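# Breakdown of the fold
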Amino acid sequence: MTAPEAVERQDVTAAIREAIVRGDFAPNQRLVEADLSQQFGASRSGVRAALFELANEGLVERVQNRGARVRAVTLDEAVEISEVRMVVEGLCAAKAAERVTDEEIAELRSIGDAMRDAVTDGHVLKYSELNQLLHRRIIEISGQATAAGVVERLRAQNVRHQFRLALVPGRPNVSLAEHLAIIDEICAHAPDAAERAARRHLASVIEALKAI
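Residue positions are given per chain, counting from 1 as you read along its sequence in written order. The predicted nature of this model means local features are confined to residues of pLDDT at least 70 and side-chain atom pairs, given and counted, to a pLDDT of 80 or more, with totals for whole chains, interfaces and linings taken over all residues. Processing note: side-chain calculations cover all non-hydrogen atoms of the structure and skip hydrogens and water entirely.

Quick look at the overall build of the protein now. Secondary structure elements are taken from DSSP: a helix is a run of H or I of four residues or more, a strand is a run of E of two residues or more, and numbering for both begins at the N terminus. Across its full length, the protein holds nine helices and three strands. Shown N-terminal to C-terminal, the secondary structure of the protein runs as helices and strands in the order α-β-α-α-β-β-α-α-α-α-α-α. In this description the radius of gyration comes from C-alpha coordinates, and the expected globular size is given by 2.2 Å times residues to the power 0.38. Here the C-alpha radius of gyration of the protein, 18 Å, is about what a compact globule of 212 residues would show, namely 17 Å. Taking the principal axes of the C-alpha coordinates as reference, the protein spans close to 50 × 40 × 30 Å. Buried, partly exposed and exposed residues are distinguished by accessible area as a fraction of the type maximum, computed with a 1.4 Å probe on protein chains only: under 20%, between the cut-offs, and over 50%, respectively. In the protein, which comprises 212 residues, the proportion classed as buried is 44%.

As structure tokens, then:
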């Protein structure tokens, strides 16, 4: 594979992944190479390579003689994914508490305030977007590059179940308190407490998923 081909594959893989996460493609929806090639301005070979990579990530499944489709994650799988996230994101919260700067503390506090406003105003989609932003920034602050890749793939697989949770009456208020607790402990430079707060949040997510 030449360097330009590798860059194209990475770009189209990222574009299709983001489209799946946004919900542009529904679970079990067929992904036709010709259509994707036109939509994302990529070659057929680049799209084909991207679909194989996304299949390895668990976002797409290849069906014999029928091409590719968006993989539908079951509730049991969603619970398993959240259990893995609980361990990895607990570690990241602890590392973030050790490394966080004054500027990053201000940023996390700002995200927390915006999440509080979104819940107060009943903006579920906005809250969901801020939720993803907070988790991403904590991982980035932690400096755990390997964890970042793992969590990105896990969250991408689980995004629809996460959005369903946000629609459960009363859930955003519960989730908000948990997120604010994580922010407080990271900003206090308290690694052990930050890890416990992150694990409590993901444990709560797991229980909420089981109750859907």
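Quick look at the nonpolar core now. Put simply, buried Ala, Val, Leu, Ile, Met, Phe, Trp, Tyr and Cys residues joined by side-chain atoms within 4.5 Å make one nonpolar core. Of all hydrophobic cores here, the largest spans 24 residues; its most connected members are L108, M115, L134, I138 and I186. When residues of this core are traced back to their parent elements, those giving at least two are α4 (75-99), α5 (102-121), α6 (124-142), α8 (171-187) and α9 (191-211). In this description, contact between two residues means that some pair of their heavy atoms is separated by no more than 4.5 Å. Once residues within four sequence positions are removed from consideration, M115 is found in contact with Y127, L130, N131, L134, L176 and H179.

Here we take up the pairing of strand β3 (residues 67-70). With two bridges joining them, strand β1 (residues 30-31) and β3 adopt antiparallel strand pairing. From the neighbouring strand, R30 faces β3, where its bridge partner is R69. In this structure, strand β2 (residues 60-63) lies alongside β3, joined through four bridges in antiparallel fashion. Within β3, the residue paired with E61 across the bridge is R69. Here, any two strands with at least 2 DSSP bridges between them count as paired. Where β2 hands over to β3, the hairpin turn is made up of three residues, of which N65 adopts a positive phi near 65°.

For α9, built from 21 residues, the straight-helix expectation of 30 Å at 1.5 Å per residue is met to within 8% by its first-to-last C-alpha distance of 30 Å. When we look at burial in α9, the residues that qualify are A193, A194, A197, A198, H201, L202, S204, V205, I206, A208 and L209. The span you would expect from a helix comes to 1.5 Å times its residue count less one.

To continue, consider the packing of α4 against α9. Two packed helices can be described by the angle between their axes and the distance between those axes. At a minimum axis separation of 7 Å, α4 and α9 run at an interaxial angle of 165°. Judged on the interaxial angle alone, α9 and α4 are roughly antiparallel. By crossing handedness, the relation of α4 to α9 is classed as right-handed. Each residue gets one label: Ala, Val, Leu, Ile, Met, Phe, Trp, Tyr, Cys and Pro are nonpolar, Asp, Glu, Lys and Arg are charged, and the others, such as Gly, are polar. Among the residues making up the contact of α4 with α9, the classes are represented as 17 nonpolar, two polar and seven charged. Axis definition: a line fit to C-alpha positions, over the contact stretch in the case of helices; interaxial angles, taken between N-to-C directions, run 0 to 180 degrees. By definition in this entry, angles of less than 35 degrees are roughly parallel, angles greater than 145 are roughly antiparallel, angles of 65 to 115 are roughly perpendicular, and the rest are oblique. Left-handed describes a crossing whose near helix is turned anticlockwise from the far helix through less than a right angle; right-handed describes the clockwise counterpart.

Attention now moves to the environment of V88. Mapped onto the secondary structure, V88 falls in helix α4. Assessed through its relative accessible area of 17%, V88 is described here as buried. For the pair V88 and R62, spaced 26 residues apart in sequence, the C-alpha separation works out to 28 Å. The contact partners of V88, leaving out residues within four places of it in the chain, are A147 and V151.

A few words now on the confidence of the model for the protein. A residue's pLDDT is the confidence the predictor assigns to it, expressed on a 0 to 100 scale. A residue-level look at the protein finds 95% of positions with pLDDT of 70 or above and a mean pLDDT of 90. Taking the mean pLDDT of every element in the protein, the minimum, 74, falls on helix α1 (residues 3-22) and the maximum, 98, on α5.

Our next topic: the side chain of N131. Take N131: it is sitting in helix α6. Here N131 falls in the buried class, since its relative accessible area comes to 17%. N or O atoms within 3.5 Å of each other form a polar contact, as long as, within protein, one can give a hydrogen and the other can take it, and as long as residues adjacent in sequence are counted only when both atoms are side-chain atoms. One polar contact links N131 to H179, side chain to side chain, over a distance of 3.2 Å. If near-sequence neighbours (up to four positions away) are discounted, N131 is found in contact with M115, R155, S175 and H179.

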